[in-house]
Amino acid sequence: MGHRIFLAGASGAIGRRLVPQLVAAGHQVTAATRQSAKAEDLRALGADPVVVDVFNADELRAAVVAARPEIVIHQLTDLPAGLDPSKMAEATTRNARIRDEGTRNLVEAARAAGARRLIAQSIAWAYAPGAEPHAETDPLDSGAEGGRAVSVGGVIALEKQVLSASPITGIVLRYGHLYGPGTGAEGAAEPAVHVDAAAYAALLAVERGAKGAFNVAEPNRHITTDKAVSELGWHAGFRLAV
(Lines give C-alpha, C1' and ligand atoms only; values in the text may rest on other atoms or scores of the structure.)
Protein backbone atom coordinates (compact mmCIF):
# COMPACT_ATOMS: atom_id res chain seq x y z
CA MET A 1 0.00 0.00 0.00
CA GLY A 2 1.31 3.43 -0.90
CA HIS A 3 2.19 6.15 1.58
CA ARG A 4 1.87 9.92 1.55
CA ILE A 5 5.40 11.28 1.19
CA PHE A 6 6.81 14.81 1.41
CA LEU A 7 10.08 15.00 -0.52
CA ALA A 8 12.20 18.07 0.25
CA GLY A 9 14.85 18.76 -2.38
CA ALA A 10 12.83 17.02 -5.09
CA SER A 11 14.47 18.91 -7.96
CA GLY A 12 18.02 18.01 -6.90
CA ALA A 13 20.18 15.29 -8.44
CA ILE A 14 18.82 12.51 -6.21
CA GLY A 15 15.32 13.94 -5.97
CA ARG A 16 14.78 13.85 -9.73
CA ARG A 17 15.72 10.16 -9.81
CA LEU A 18 13.76 9.36 -6.64
CA VAL A 19 10.37 10.81 -7.64
CA PRO A 20 9.80 8.27 -10.45
CA GLN A 21 10.74 5.40 -8.14
CA LEU A 22 8.34 6.56 -5.42
CA VAL A 23 5.50 7.08 -7.90
CA ALA A 24 6.08 3.68 -9.53
CA ALA A 25 5.91 2.09 -6.07
CA GLY A 26 2.42 3.57 -5.57
CA HIS A 27 3.28 6.39 -3.21
CA GLN A 28 1.60 9.81 -3.26
CA VAL A 29 4.44 12.33 -3.50
CA THR A 30 4.40 16.01 -2.59
CA ALA A 31 7.61 17.25 -4.22
CA ALA A 32 9.10 20.42 -2.74
CA THR A 33 11.47 22.75 -4.58
CA ARG A 34 12.67 26.33 -4.07
CA GLN A 35 12.49 27.05 -7.80
CA SER A 36 9.07 27.63 -9.31
CA ALA A 37 10.53 26.97 -12.79
CA LYS A 38 11.04 23.33 -11.82
CA ALA A 39 7.51 22.70 -10.53
CA GLU A 40 6.09 21.54 -13.85
CA ASP A 41 8.98 19.14 -14.38
CA LEU A 42 8.11 17.50 -11.06
CA ARG A 43 4.44 17.34 -12.01
CA ALA A 44 5.42 15.60 -15.24
CA LEU A 45 7.17 12.95 -13.15
CA GLY A 46 3.89 12.22 -11.34
CA ALA A 47 4.36 14.28 -8.16
CA ASP A 48 2.35 17.14 -6.69
CA PRO A 49 4.83 20.04 -6.68
CA VAL A 50 5.02 22.73 -4.01
CA VAL A 51 7.36 25.72 -4.05
CA VAL A 52 8.74 26.44 -0.59
CA ASP A 53 11.90 27.80 1.03
CA VAL A 54 13.23 25.52 3.78
CA PHE A 55 14.58 28.57 5.64
CA ASN A 56 11.07 30.00 6.00
CA ALA A 57 10.00 27.85 8.94
CA ASP A 58 6.35 28.96 8.97
CA GLU A 59 5.93 28.49 5.23
CA LEU A 60 7.60 25.09 5.35
CA ARG A 61 5.50 23.94 8.28
CA ALA A 62 2.30 24.95 6.48
CA ALA A 63 3.36 23.10 3.31
CA VAL A 64 4.27 19.90 5.15
CA VAL A 65 1.15 19.92 7.34
CA ALA A 66 -1.02 20.45 4.25
CA ALA A 67 0.57 17.40 2.59
CA ARG A 68 -0.22 15.18 5.63
CA PRO A 69 2.80 12.94 5.02
CA GLU A 70 3.44 9.67 6.78
CA ILE A 71 7.05 9.89 5.61
CA VAL A 72 9.30 12.90 5.03
CA ILE A 73 12.40 12.57 2.86
CA HIS A 74 15.20 15.14 3.15
CA GLN A 75 17.33 15.42 -0.01
CA LEU A 76 18.15 19.12 0.38
CA THR A 77 21.54 20.45 -0.72
CA ASP A 78 22.88 23.76 -2.01
CA LEU A 79 25.76 22.90 -4.33
CA PRO A 80 26.88 24.40 -7.68
CA ALA A 81 26.17 22.61 -10.95
CA GLY A 82 28.83 20.01 -11.63
CA LEU A 83 30.41 20.77 -8.25
CA ASP A 84 32.28 23.67 -9.87
CA PRO A 85 35.56 23.92 -7.85
CA SER A 86 35.59 27.71 -8.15
CA LYS A 87 32.26 27.90 -6.31
CA MET A 88 32.65 25.12 -3.76
CA ALA A 89 34.10 27.19 -0.90
CA GLU A 90 31.06 29.44 -0.77
CA ALA A 91 28.73 26.52 -1.41
CA THR A 92 30.18 24.58 1.54
CA THR A 93 28.91 27.25 3.93
CA ARG A 94 25.47 27.37 2.30
CA ASN A 95 25.21 23.60 2.33
CA ALA A 96 26.16 23.41 6.00
CA ARG A 97 23.39 25.92 6.76
CA ILE A 98 20.84 23.73 5.00
CA ARG A 99 22.04 20.70 6.95
CA ASP A 100 21.68 22.55 10.25
CA GLU A 101 18.95 25.20 10.04
CA GLY A 102 17.09 23.59 7.14
CA THR A 103 17.04 20.21 8.84
CA ARG A 104 15.81 21.77 12.09
CA ASN A 105 12.91 23.42 10.27
CA LEU A 106 12.06 20.22 8.41
CA VAL A 107 12.10 18.10 11.58
CA GLU A 108 9.77 20.56 13.32
CA ALA A 109 7.45 20.57 10.29
CA ALA A 110 7.45 16.76 10.15
CA ARG A 111 6.52 16.60 13.84
CA ALA A 112 3.70 19.11 13.33
CA ALA A 113 2.37 17.02 10.45
CA GLY A 114 2.43 13.81 12.49
CA ALA A 115 4.93 12.07 10.21
CA ARG A 116 6.24 8.78 11.55
CA ARG A 117 9.44 8.43 9.53
CA LEU A 118 12.17 10.83 8.37
CA ILE A 119 14.82 9.78 5.83
CA ALA A 120 17.74 12.18 5.32
CA GLN A 121 20.72 12.51 2.98
CA SER A 122 24.17 12.58 4.56
CA ILE A 123 27.68 11.78 3.30
CA ALA A 124 29.99 8.81 3.71
CA TRP A 125 33.32 10.67 3.85
CA ALA A 126 32.83 12.51 7.16
CA TYR A 127 34.36 9.83 9.39
CA ALA A 128 37.21 10.65 11.75
CA PRO A 129 40.60 9.27 10.72
CA GLY A 130 41.00 5.68 11.80
CA ALA A 131 41.05 2.07 10.68
CA GLU A 132 39.17 1.37 7.47
CA PRO A 133 36.70 0.33 6.26
CA HIS A 134 34.50 2.51 8.45
CA ALA A 135 31.24 1.11 9.82
CA GLU A 136 28.31 3.29 10.82
CA THR A 137 29.32 3.01 14.49
CA ASP A 138 32.64 4.79 13.86
CA PRO A 139 32.83 8.44 15.01
CA LEU A 140 32.48 11.37 12.65
CA ASP A 141 35.34 13.84 12.28
CA SER A 142 34.35 16.39 14.91
CA GLY A 143 37.97 17.54 15.13
CA ALA A 144 38.19 18.54 11.47
CA GLU A 145 39.69 21.90 10.53
CA GLY A 146 39.16 24.52 7.82
CA GLY A 147 36.57 23.92 5.13
CA ARG A 148 36.17 20.30 6.19
CA ALA A 149 35.16 21.47 9.66
CA VAL A 150 32.32 23.52 8.15
CA SER A 151 31.11 20.60 6.07
CA VAL A 152 31.40 17.95 8.77
CA GLY A 153 29.84 20.30 11.32
CA GLY A 154 26.77 20.54 9.10
CA VAL A 155 26.65 16.76 8.75
CA ILE A 156 26.89 16.25 12.51
CA ALA A 157 24.09 18.77 13.09
CA LEU A 158 21.87 17.10 10.49
CA GLU A 159 22.39 13.59 11.79
CA LYS A 160 21.87 14.57 15.41
CA GLN A 161 18.57 16.27 14.64
CA VAL A 162 17.27 13.45 12.46
CA LEU A 163 18.26 10.67 14.84
CA SER A 164 16.82 12.49 17.87
CA ALA A 165 13.51 13.37 16.20
CA SER A 166 11.50 10.98 18.41
CA PRO A 167 8.72 9.88 18.13
CA ILE A 168 9.67 10.03 14.45
CA THR A 169 11.93 7.20 13.28
CA GLY A 170 15.02 8.90 11.86
CA ILE A 171 17.09 7.24 9.14
CA VAL A 172 20.32 8.75 7.79
CA LEU A 173 21.70 7.63 4.43
CA ARG A 174 25.42 8.30 4.23
CA TYR A 175 25.95 8.49 0.48
CA GLY A 176 29.22 8.07 -1.33
CA HIS A 177 30.29 10.62 -3.96
CA LEU A 178 27.50 10.81 -6.53
CA TYR A 179 27.90 10.21 -10.24
CA GLY A 180 25.49 9.71 -13.12
CA PRO A 181 22.63 11.76 -14.65
CA GLY A 182 22.25 15.24 -13.24
CA THR A 183 25.42 15.10 -11.12
CA GLY A 184 27.87 16.45 -13.68
CA ALA A 185 30.10 13.42 -13.10
CA GLU A 186 30.50 10.19 -15.08
CA GLY A 187 32.49 8.64 -12.26
CA ALA A 188 33.56 9.57 -8.75
CA ALA A 189 36.32 9.00 -6.24
CA GLU A 190 35.78 6.31 -3.62
CA PRO A 191 33.48 5.88 -1.90
CA ALA A 192 31.16 6.39 -4.89
CA VAL A 193 27.52 5.67 -5.67
CA HIS A 194 25.42 6.07 -8.80
CA VAL A 195 22.62 8.60 -8.32
CA ASP A 196 19.96 6.00 -9.22
CA ALA A 197 21.25 3.59 -6.58
CA ALA A 198 21.38 6.43 -4.04
CA ALA A 199 17.73 7.24 -4.73
CA TYR A 200 16.88 3.52 -4.52
CA ALA A 201 18.20 3.43 -0.95
CA ALA A 202 15.74 6.18 0.00
CA LEU A 203 12.90 4.26 -1.64
CA LEU A 204 13.78 1.15 0.36
CA ALA A 205 14.03 3.15 3.60
CA VAL A 206 10.38 4.17 3.24
CA GLU A 207 9.42 0.66 4.34
CA ARG A 208 12.59 -0.83 5.83
CA GLY A 209 15.27 -0.14 8.35
CA ALA A 210 15.31 0.77 12.03
CA LYS A 211 16.42 4.14 13.35
CA GLY A 212 20.07 4.79 12.55
CA ALA A 213 22.66 5.51 9.87
CA PHE A 214 23.42 3.49 6.75
CA ASN A 215 26.48 3.70 4.50
CA VAL A 216 25.35 3.70 0.85
CA ALA A 217 28.14 3.21 -1.69
CA GLU A 218 29.64 0.80 -4.18
CA PRO A 219 32.12 -1.75 -2.79
CA ASN A 220 35.24 0.09 -1.69
CA ARG A 221 38.04 0.03 0.85
CA HIS A 222 36.91 3.07 2.85
CA ILE A 223 33.47 2.15 4.23
CA THR A 224 31.44 -1.00 4.67
CA THR A 225 27.90 -1.16 3.27
CA ASP A 226 26.89 -4.47 4.84
CA LYS A 227 24.19 -2.82 6.96
CA ALA A 228 22.40 -1.22 3.99
CA VAL A 229 22.55 -4.50 2.07
CA SER A 230 21.25 -6.66 4.92
CA GLU A 231 18.71 -4.34 6.55
CA LEU A 232 17.43 -2.30 3.60
CA GLY A 233 17.90 -4.90 0.88
CA TRP A 234 19.93 -2.35 -1.08
CA HIS A 235 22.30 -3.15 -3.95
CA ALA A 236 24.69 -0.82 -5.71
CA GLY A 237 23.80 -1.99 -9.22
CA PHE A 238 20.28 -0.52 -9.30
CA ARG A 239 19.56 1.74 -12.29
CA LEU A 240 16.38 3.36 -13.60
CA ALA A 241 15.14 1.91 -16.86
CA VAL A 242 15.11 5.37 -18.48
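Residues numbered from 1 in each chain as written. Predicted model: local features only at pLDDT ≥ 70, side-chain atom pairs only at ≥ 80, totals over all residues. Heavy atoms only, no water.

1. Examining the packing of aromatic side chains
- Under the criterion given, the structure shown has 1 aromatic pair.
- Judged by centre distance (4.2 Å) and plane angle (10 degrees), the rings of Tyr200 and Phe238 are stacked. Of this pair, Tyr200 sits in helix α6 (residues 195–205) while Phe238 is found in the segment after α7 (226–232), placing the two residues 38 residues apart along the sequence.
- Taking relative accessible area as the criterion, Tyr200 reaches 14% and is therefore assigned buried.
- Phe238 sits in the buried class, given a relative accessible area of 18%.
- Geometry around Phe55 places Arg97 over its ring, the cationic atom sitting 3.6 Å from the centre.
- Sitting above the plane of the Phe214 ring, Lys227 keeps its charged end 4.5 Å from the centroid. (Phe/Tyr/Trp six-rings, centres within 6.5 Å; stacked < 30°, edge-to-face > 60°. Helix = DSSP H or I, 4+ residues; strand = E, 2+ residues; numbered from the N terminus. Buried < 20%, exposed > 50% of the residue type's maximum accessible area, 1.4 Å probe, protein only. Lys NZ or Arg CZ within 6 Å of the ring centre and 35° of its normal.)

2. A look at unusual backbone geometry
- Residue Glu132 is joined to Pro133 through a cis peptide bond whose omega torsion reads 5 degrees.
- Look at the link from Ser166 to Pro167: it is a cis peptide, with omega at 10 degrees.
- Summarising the element assignment, Pro167 is placed in the loop between α5 (146–163) and β6 (169–175).
- The phi dihedral of Arg68 falls on the positive side, at around 50 degrees, and the residue is not glycine.

3. Focus: the pairing of strand β5 (residues 117–123)
- Counting buried positions along β5 gives 7 out of 7 residues, so the element sits mostly inside the fold.
- Here β5 shows two buried faces, one formed by Arg117, Ile119, Gln121 and Ile123 and the other by Leu118, Ala120 and Ser122.
- In this structure, strand β4 (residues 71–74) lies alongside β5, joined through 4 bridges in parallel fashion. Within β5, the residue paired with Ile73 across the bridge is Ile119.
- In this sheet, β6 lies alongside β5 in parallel orientation, the contact comprising 7 bridges. Paired with Ala120 across the strands is Val172, a residue of β6.
- Read from β5 through α5 to β6, the crossover connection turns out right-handed. (Pairing = 2+ DSSP bridges. Right-handed = clockwise from strand over helix to strand, strands pointing away.)

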